Every structure is written in C-alpha cells, then in structure tokens.
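# Breakdown of the fold
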Amino acid sequence: MPGNEPRLAEDLEIALIHLSGPDRPGLAVQIMAVLAEANVDVLDVNQTVVFKTMMMGVLIRFPFRSGSSSMVRNLLFTTFQLELHVDIKSVPRSDYEDWVGRQGKPTWILTIVARKLKASYLSGVSEIVAKHNLNITIVTRLSGRAPLEHSSAASTKRACLEMRLRGDLGDEAKLRADLLKLCTAVPIDISWQKDDIYRRYRRLACFDMDSTLIQCEVIDELAAEAGVKDQVCLASSQPHHWSLGGWNPLHG
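### Topic: the overall build of the protein chain
In terms of regular secondary structure, the protein chain is built from nine helices and eight strands. Relative to its 252 residues, the protein chain shows a buried fraction of 27%. Accessible surface, the protein chain as shown: approximately 17300 Å² in total, 56% of it carbon and sulfur.

So, in structure tokens, the structure goes:
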C-alpha cells in the first residue's frame, strides 16, 4: 500500500511533542489526524487533565526527509486554532535507546491518603523516593475533586494520590522505615506495594470501618434506630470498660 513502504532507520527522526491548553472534547482527534496524515509512528503517548487544562505528550518517529516541514506547519496551525500551546523537541536516538533500556526495571506503587494534600507532604515523599534512587513515572489522583474548606462536604472528604515508581531499590526495609517515620511526622497514611501480578490480581481488601473508612460508629447508628443511642454511645466510647449488667459482648 502506498505510504507504508519500509524505511531505513537513518531516514527517521524522533521527536517529543508537548501540548497544553483548555480542555474540550475532540482535541485528540484533531491532533492525531495531523500526525496520521504525515504517516508517523507513535512511540509513546500520555494525556491528563488538571482543572480544565489538558496536557498531552506524544513521542513520534517520522521521515524527516519527506514532508516533515508540512507536518510541523499543519500541527502549528491546528494547535493555534485549538488555543493550545505546543512545543516540539528533537530526541537523539541514543537518549531514546537509553529510555527503552530502562523499561525492564522493577515498578512500585506508593499510595498517599490524607485529609488534604499539602505540598510539604508531597515534598517529603518525593525526597524519600529520590533518596532511594527511584523515579516517579506517573502520578494519579484516586479521590474525588477536593471541596473548599467552607463546603459542607469538606470535613468528610479524603485525598488519595497514587505514584508509580520505577528503579532498582537497594534497601526496601530502609525505605519503608523512612516512609513510616514521615507518617509519624505529618498526618498522612502511605501504602507501599511492588507492582507485580500479585498486586494487580488482588480482589479482596480488609479495612477497619468505623471512624476510619467512614466517619461514624455503625453500632451507634443502629442504636439510634432502636431508641437507645445515648446508652450505647456511652458504652462504645469506652471499649475496655463494657459493663451492661454483667454482659460482656466479647464473650456473647
């Protein structure tokens, strides 16, 4: 088929395209249409949205001797119409090969849970990660959008962030100890997992529920339905001092 003829490696150039601007439906369609017209190979692509702002990165390989200038011209014209900022950077082949060579390194998942995410918390986590020669490759917000402090939902919301890390970890016990020390210094919880088949295929999680995963004590709410909430709240607030007519609930 025309346009699919084999090309020599030395006739191909690698470029990284960064795009950012107001998010709206159909942006990827128009950007990829320009690249498709130039018959480029997509080596990597990533896209995310932060507060109505789209950010996309596309790593491409294309024949620089035929039509590359028209592709750049069409891309600049299209991004101007879409009100997007675009930056195109040539990538040396040696840098690309080095990047590909690092893909076999182990990956890890670090999850942060807090009432709110402060930059100081992320700074502390990032410092520990860098100290142990790990690289942050992806950061994803797992929780919903954070309400402002004056919102009625603010007091019950939690923030959750996932970091995907890559690298050869020398001393995992020391890293865990550093993360635990951070958790005692600032109000965050951290989950640390190796990203392998055992993590990806887990289908069961166990949590402490009352006043942890939810904000109330279920037994108190059941007692409210029965009209004895005050008595039960008094007992449940003193877990080591149950005394209801000699009945110990731990023994039935």
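### Points about the packing of helix 4 (residues 119–131) against helix 5 (residues 172–185)
Direction vectors running N to C along helix 4 and helix 5 enclose 165 degrees, while the axes themselves pass 10 Å from each other. Taken together, the axes of helix 4 and helix 5 lie roughly antiparallel to each other. Crossing angle aside, the handedness with which helix 4 passes helix 5 is right-handed. Two secondary-structure elements touch here, helix 4 through Tyr121, Gly124, Val125, Ile128 and Lys131 and helix 5 through Lys174, Leu175, Asp178, Leu179 and Leu182. For the contact of helix 4 with helix 5, the class distribution of residues is six nonpolar, one polar and three charged.

### Considerations on the confidence of the model for the protein chain
For the protein chain, mean pLDDT is 83; residues scoring 70 or higher make up 83% of the total. In this model, residues 1–9 is a region of pLDDT below 50 whose contacts with residues beyond four sequence positions or in other chains number seven contacts.

### Details of the side chain of Thr107
Within the secondary structure layout, Thr107 lies in strand 5 (residues 107–114). When near neighbours in sequence (up to four residues on either side) are disregarded, Thr107 contacts Leu165, Arg166, Lys194 and Asp195.

### Structural notes on the sheet that holds strand 7 (residues 159–166)
Pairing is antiparallel in the open sheet, where four strands are placed in the order 6-7-5-8. Lying at the two open borders of the sheet, with one neighbouring strand each, are strand 6 (135–141) and strand 8 (188–194). In this sheet, neighbouring strand axes are inclined to one another by 20 degrees on average, regardless of whether the strands run parallel or antiparallel. Judged from the eight bridges that link them, strand 5 and strand 7 form a sheet pairing that is antiparallel. In the sheet register, Trp108 faces strand 7, and the bridge partner there is Leu165. Each of strand 5, strand 6, strand 7 and strand 8 is contacted by helix 4, which is oriented at about 20 degrees to strand 7, the strand it contacts most. Helix 5 contacts strand 5 and strand 8 of the sheet and is inclined by roughly 165 degrees relative to strand 8.

### Remarks on unusual backbone geometry
Despite not being glycine, Asn39 has its phi angle at roughly 60 degrees, a positive value. The residue Asn39 is located in the loop between helix 1 (27–37) and strand 2 (41–50) in this model. Residue classification places Asn39 among the partly exposed residues on the basis of a relative accessible area of 27%. Phi is positive for Glu83, close to 60 degrees, though the residue is something other than glycine. Looking at where Glu83 falls in the secondary structure, it is placed in the loop between helix 2 (68–81) and strand 4 (85–90). Of the residues examined, Glu83 reaches a relative accessible area of 55% and is grouped as exposed.

So, how was this worked out
- Residues numbered from 1 in each chain as written.
- Predicted model: local features only at pLDDT ≥ 70, side-chain atom pairs only at ≥ 80, totals over all residues.
- Heavy atoms only, no water.
- Helix = DSSP H or I, 4+ residues; strand = E, 2+ residues; numbered from the N terminus.
- Buried < 20%, exposed > 50% of the residue type's maximum accessible area, 1.4 Å probe, protein only.
- Areas by Shrake-Rupley, 256 points an atom, 1.4 Å probe, with all protein chains shown as cover.
- Axes fitted to C-alpha atoms, helices over the stretch in contact; angles between N-to-C directions.
- Parallel < 35°, antiparallel > 145°, perpendicular 65-115°, else oblique.
- Left-handed = near helix turned anticlockwise from the far one by under 90°.
- Contact = heavy atoms within 4.5 Å.
- Nonpolar A, V, L, I, M, F, W, Y, C, P; charged D, E, K, R; others polar.
- pLDDT = per-residue confidence, 0-100.
- Pairing = 2+ DSSP bridges.

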